[in-house]
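What follows is the residue order along each chain.
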Amino acid sequence: MYIFNTTFMIDDAIVEDWKQWMDRNYIPTMKDLVKSIRVELYEVMAVVEEGNTNYSCQMQVTNPADLDTINKYNAILINNAKGTFGDKCLTFSSILNEVKFG
């Protein structure tokens, strides 16, 4: 399994607007693009910077080719978010590959 993780640092003043954007734009777009995707959103419990809340959006796929699609459209959607929220929404992404033992 592969996970495309994007971590969002969101200014607390816009959290509700950002959640609506995620629910109406980001997540549905990813689900439309990659039919076999599993998308989960988590609040990061560690406090990194006061006045902000961090979220991890994890998109799980089994086909590594799907990562290219996710990566391409993630960049477009993140640019859209920056246009909407400016510096109140900061992000970074990483790709994870499941390591199996035994």
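One structure accompanies this document, and this report is about it.

## Overview of the packing of aromatic side chains
The full count for this structure, using the stated rule, is 5 aromatic pairs. Judged by centre distance (5.8 Å) and plane angle (85°), the rings of Phe8 and Tyr26 are edge-to-face. One end of the pair, Phe8, is in strand E1 (residues 2-11); the other, Tyr26, is in helix H1 (residues 15-33), and 18 residues separate them in sequence. Taking the relative accessible area as the measure of exposure, Phe8 reaches 0% and is therefore buried. Relative to Tyr26, the ring of Trp21 lies with its centre 5.7 Å away and its plane at 45°, an arrangement referred to as tilted. Overall, Trp21 belongs to the buried group, its relative accessible area being 6%. Here a set of aromatic residues connected by ring pairs shows up, and it is made of Phe8, Trp18, Trp21, Tyr26, Tyr55 and Phe85.

## Here we look at the side chain of Gln60
Position of Gln60 among the secondary structure elements: in strand E3 (residues 52-61). Those residues in contact with Gln60 that sit more than four places away from it in its chain are Met1, Tyr2, Ile3, Ser36, Ile37, Arg38 and Glu40.

What counts, and at which threshold
- Residues numbered from 1 in each chain as written.
- Predicted model: local features only at pLDDT ≥ 70, side-chain atom pairs only at ≥ 80, totals over all residues.
- Heavy atoms only, no water.
- Phe/Tyr/Trp six-rings, centres within 6.5 Å; stacked < 30°, edge-to-face > 60°.
- Helix = DSSP H or I, 4+ residues; strand = E, 2+ residues; numbered from the N terminus.
- Buried < 20%, exposed > 50% of the residue type's maximum accessible area, 1.4 Å probe, protein only.
- Contact = heavy atoms within 4.5 Å.

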